[in-house]
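What the coordinates show
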Amino acid sequence: MYKSILRFCLLSIFSVCTLASYGQIGGRTGGGGLQQYQGPQNTDPEKPKEFEIGGVTVSGTKYLDQDLLIAVTGLSVGEKVRLPNDDKIAKAIKNLWKQELFSNVNIIISKTIGDKVFLTIQIEERPRLGRYNFRGIKSGEAKELKEKLNLIKERVVTEATKKEAVVRIKKFYTDKGFGRVSVTVQEKQDTIAANKVMLTFTIDKGNKTHINQINISGNNHASEGKLKHSLKSTKEKMRITLHPADEISIYSSNKRSFGKYISNFGFLSLSKTIDALDPYVHMSLSSSKFNQTKFDDDKQSLVAYYNTLGYRDAAIAADTIYPVDNGNINIDIKVKEGNKYYFGDITWKGNTKYSNEQLTKVLAIKRGDVYNQQLLETRIGRQLSPEGGGEDVSSLYMDDGYLFFNVDPVETSIIGDTINFEMRITEGTQATIRDITIFGNDRTNEHVIRRELRTLPGNKFSRADLIRSQREIANLGFFDQEKIGIQPKPHPEDGTVDIEYTVVEKSSDQLQLSAGFGGGINFYGNIGITFSNFSIRNIFKPKFWDPLPVGDGQKFSINYQSNGQYYNSFNTSFTEPWLGGHKPNALTTNFVYSKYSAAAVGTDPNLSYLRVIGGGIAISKRLKVPDDFFVMTYGLFYNNYKLQNYALLSDFTQGTANDLYFKFVIARNSIDQPLYPRGGSNISFTFQFTPPYSAFSGQDYATETSQQKYKWIEYHKYRFTADWYQKVVGNLVLRFTTKYGFIGYYNPDIGFSPLNRFQLGGDGLSGYSYFIGRDIISQRGYEVYSSEATIFNKYTTELRYPFSLSPTATIYGLVFADAANAWDNFKVYNPLQLNRDVGVGIRIFLPMFGLLGLDYGIGLDRINPAAGTTALKDISKFNFMLGFEPD
């Protein structure tokens, strides 16, 4: 009996051990637990038994698809496995762990039937994201971070998820100059949701990392200053230092004022070693924040600069970034210049359209020129030149339809310091434009855009036409000029190309509100509304109203100015840019009413006034000769002036004057963008004249009164304006403007007309001035100094730099210098006798309000020691503008 009991116990222990070896055959964490074993026993665990998988099930899933998980394992019904140690089971477990979706994975035997085994995959899903928050930062920064982290609730939280979030947070602050930011992540169970976690990011930004000093070594053929300038985004901190002769005073903060003017208009110099004004003043003149990504890009820019000097093998040998005592960093850069190279022979291969001589002339690179990779890329058209391109080999071909053109410069040999090239050309066939599509025009009708395009279906492809089309779309003023997209889609199989234009609508309507002081008349105000994308034909279609009917590119404006009872002016105008809809012939009509009272304030304004009522019609036509940048405008206008005890002239205070005149304008406008031009010009000549009534009236005007002389005003008037824009570097733009004006007479017995003369000086805020019948020519830094001129000259130079080119707010600053003067007649005319001014200003263009501007001008020729006007406050003036740029 004892032997039977002992035999039973040993057999049971052996069976349990065998079952355990079969029941749980794989796992990474935890235990699978034993399952009831059914089927034949493997009495020798050292010899695995082959089974056929009869079925696979999954347990523990909450969010994941079971069939997908089984597919990930690679196990399938009918597959043979050798248990308990088949590599297929181990591989299945590894495949599941690679998904990083689980905290526990087991594969167990649920049962066996004969030689078939049924497996169960036991998983425990990782927790999902319930909430996350930030510590150590402001709420505004937290809001920005949430947009950048892309953490999505209900997503599985893995270590990779947390690491990626930390990397993005560090990059966010590194880009802002916080180079020592540290981030820790705490994960804990979300108490308000099952199987959810809450992540808390604790952020220590530290202090901003500024570059104290940049040291460059190894540069024998390039100055340190120019190399530092090539580092576009990596700048060392600069400080203000004063020359010993200058003086500056710093008042305590409770006086809310800073300093005296620097004596004798002394100049400031820059230094990185002297900090004369600390601890009172700390001024950084350029961003010195350190950004590793931008620094890496700048190192490539430095090498590229060397390449432009002929050093094609130049490289950064080493760079070191290390902290200094003041908490900032120094950067040491060691360069390896290499040898200087020159262009050698340049030959052409594959060209049939143009000869070698023509291509060499366009390339404009000769043997012996210093090697310059950037210049070579620019001249063959692979990259845009700083001047905007258009005169390169690629343009030569693409402007003639060769869209599939390609040129590959190959270095054929290097002999000493000379590099020889072979330009291998693939001309392809001329491409024909097939389809034109336009996207993004939500408010503007498509025909308004299409009529401005130079790329028409059936025409040969031309890159110049693409550039011109982009300019014309931008000059409509209805779209964000920085986001006009042009995408050619070539079809080499049939030699055609589709062109896709994308635009982003912006508000082009303007509400003009202005107020100010000027013209010797106290406070005045102005209100006006301009609808730049008006549509007459949609007036009776409410769905096109926003707030008035829009979409056809017409312009409608109303403007009202007032100084209470003593000055009122109303004008309205309408322009149809494509009269008839087939040609760019514009029709413009306008109506004007103004009344100015010269009566003393507090008395009846009707005791003395000048009133004008009038209007006109003009037609503009785009010319094709000399080129289609030219526009010719001609129109007929009439103004009726009424005087009531108004001393226009000593003997002309009562009555009416009539001004019927013709106007002819020839203009050429090639500026690239209307809001912030970077290139091009706007030149116009205006000829305005009345009929010479005195020539056929038969009257002796020498004996007539002024009232009789000017009942029908006669004159001839000329104005010339030229506006040039030139990109200097980047978005820095130089503007030069010149303006001339002259009014003449037909009959010396009548002389100059008392109306339509020129007024010089002041800010020209009102545009028409209170003195009706004057062309207002503003000058910064001066009050009005001439109001009866018949001749004027004006010159302006501005250097502009944009702070924002966003369509919601275009902002740029400027420094300027003006020179102008006005004369009563040619006898006293002296074009070299000019009133000069210099100053600074800012312009802000808001779509709803138009142009806002503030200038601070110093009238240099207002300095008069004899009169005691030497202080800056006596010779300077602020000019404020709203709605438009003064003339």
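Residues numbered from 1 in each chain as written. Predicted model: local features only at pLDDT ≥ 70, side-chain atom pairs only at ≥ 80, totals over all residues. Heavy atoms only, no water.

1. Some points on the confidence of the model for the chain
Note: predicted coordinates in regions of low pLDDT should not be interpreted at a detailed level. How we decide: Every residue is assigned a pLDDT by the predictor, reflecting its confidence on a scale from 0 to 100. Secondary structure counts use DSSP, requiring at least four H or I residues in a row for a helix and at least two E residues in a row for a strand, with both numbered from the N terminus. Contacts are assigned to residue pairs with any non-hydrogen atoms lying within 4.5 Å of each other.
Considering every residue of the chain, the mean pLDDT works out to 82; 85% of them sit at 70 or more. When mean pLDDT is taken per element in the chain, strand S30 (residues 732-744) scores highest with 96 and strand S11 (residues 268-271) scores lowest with 34. Within the model, the stretch residues 240-285 combines pLDDT values under 50 with 60 contacts to residues more than four positions away or in other chains. Counting contacts from residues 766-770, a segment whose pLDDT is below 50, to residues more than four positions away or on other chains yields 22 contacts.

2. With respect to the sheet that holds strand S32 (residues 774-777)
Short version of the rule: Two strands make a pair as long as DSSP finds a minimum of two bridges between them. Comment: axis = line fitted to C-alpha atoms, over the contacting stretch for helices; angle = value between 0 and 180 degrees taken between N-to-C directions.
If you trace the three strands from one edge of the open sheet to the other, you get S32-S31-S33, paired in mixed fashion. Single-partner strands in this sheet number two, and they are S32 and strand S33 (786-789). Looking at each pair of strands side by side, their axes are set apart by 25° on average, direction ignored. Pairing between strand S31 (residues 757-760) and S33: two bridges, direction antiparallel.

3. A look at the packing of helix H4 (residues 139-149) against helix H5 (residues 159-175)
Put simply, the rule reads: Here roughly perpendicular refers to angles of 65 to 115 degrees, roughly parallel to angles under 35, roughly antiparallel to angles over 145, and oblique to all remaining angles. For any helix crossing, the convention is left-handed if the near helix is rotated counterclockwise from the far helix by under a right angle, and right-handed if that rotation is clockwise. As a working rule, the residues Ala, Val, Leu, Ile, Met, Phe, Trp, Tyr, Cys and Pro are called nonpolar, Asp, Glu, Lys and Arg charged, and the rest polar, with Gly in that last group.
For the pair H4 and H5, interaxial distance at closest approach is 10 Å and the crossing angle is 130°. Here H4 is positioned oblique relative to H5, judged by the angle of their axes. Crossing hand, H4 versus H5: right-handed. Taken together, the residues of H5 that come into contact with H4 (itself represented by Glu141, Glu144, Leu145, Lys148 and Leu149) are Ala165, Arg168, Ile169, Phe172 and Tyr173. Partitioned by chemical class, the residues of the contact of H4 with H5 number six nonpolar, no polar and four charged.

4. A few points about the sheet that holds strand S8 (residues 196-204)
Within a sheet, adjacent strands bond to each other through the backbone by hydrogen bonds, running parallel or antiparallel. Strand order across the open sheet formed by three strands is S6-S8-S7, with mixed pairing between neighbours. Pairing within the sheet leaves two strands with one partner each, and these edge strands are strand S6 (128-135) and strand S7 (182-189). On average, each strand axis in the sheet is inclined to that of its neighbour by 20°, with strand direction left out of account. Where S7 meets S8, eight bridges bridge the pair, whose relative direction is antiparallel. The partner of glutamine 186 across the bridge, within S8, is threonine 200. On the sheet, H4 packs against S6 and S8 and is oriented at approximately 145° with respect to S6. Strands S6, S7 and S8 of the sheet are contacted by H5, whose axis makes an angle of about 145° with S7.

5. Thoughts on H4
The condition is simple: The cut-offs for exposure are 20% and 50% of the maximum accessible area for each residue type, with area from a 1.4 Å probe on protein chains only; residues under the lower value are buried, those over the upper are exposed, and the others partly exposed. To obtain the arc, one takes the directions from the helix axis to the C-beta atoms.
Those residues of H4 that fall on the buried side of the exposure criterion are Glu141, Ala142, Leu145 and Leu149. For H4, the buried positions fall inside an angular range of 100° around the axis, keeping them on one side. Residues of H4 that are exposed and point more than 90 degrees away from the buried face comprise Ser139, Lys143 and Glu147. Count one or two residues on from H4 and you reach asparagine 150, which has phi positive near 60°.

6. Re the pattern of salt bridges
Heads up, the condition is: By salt bridge we mean one thing: a side-chain nitrogen of Lys or Arg within 4 Å of a carboxyl oxygen of Asp or Glu.
Per the counting criterion, the structure on display carries 44 salt bridges. The closest approach of N and O atoms between arginine 780 and glutamate 798, which form a salt bridge, is 3.2 Å. Of this pair, arginine 780 sits in the loop between S32 and S33 while glutamate 798 is found in strand S34 (residues 791-806), placing the two residues 18 residues apart along the sequence.

7. Digging into the packing of aromatic side chains
Heads up, the rule is: Note on ring pairs: Phe, Tyr and Trp rings are taken, using the six-membered ring of Trp, and paired if centres are within 6.5 Å. Classes follow the plane angle, with under 30 degrees stacked, over 60 edge-to-face and the rest tilted.
Under the criterion given, the structure shown has 33 aromatic pairs. When the centroid spacing of 4.9 Å and the interplanar angle of 90° are considered together, the rings of phenylalanine 172 and tyrosine 173 count as edge-to-face. Residue phenylalanine 172 is classed as buried on the basis of its relative accessible area, which comes to 6%. Accessibility expressed as a relative area gives 0% for tyrosine 173, which makes it buried. Summarising the aromatic geometry, the rings of phenylalanine 343 and tyrosine 371 are spaced 5.3 Å apart at their centres and angled 45° between planes, so their arrangement reads as tilted. Placement of the pair is phenylalanine 343 in strand S14 (residues 342-349) and tyrosine 371 in the loop between helix H8 (356-363) and helix H9 (373-380), with a sequence separation of 28 residues. Residue class for tyrosine 371 comes out buried when judged on its relative accessible area of 3%. Aromatic ring contacts, followed pair by pair, group Phe662, Phe687, Phe689, Tyr718, Phe742, Trp823, Phe826 and Tyr829 into a single cluster.

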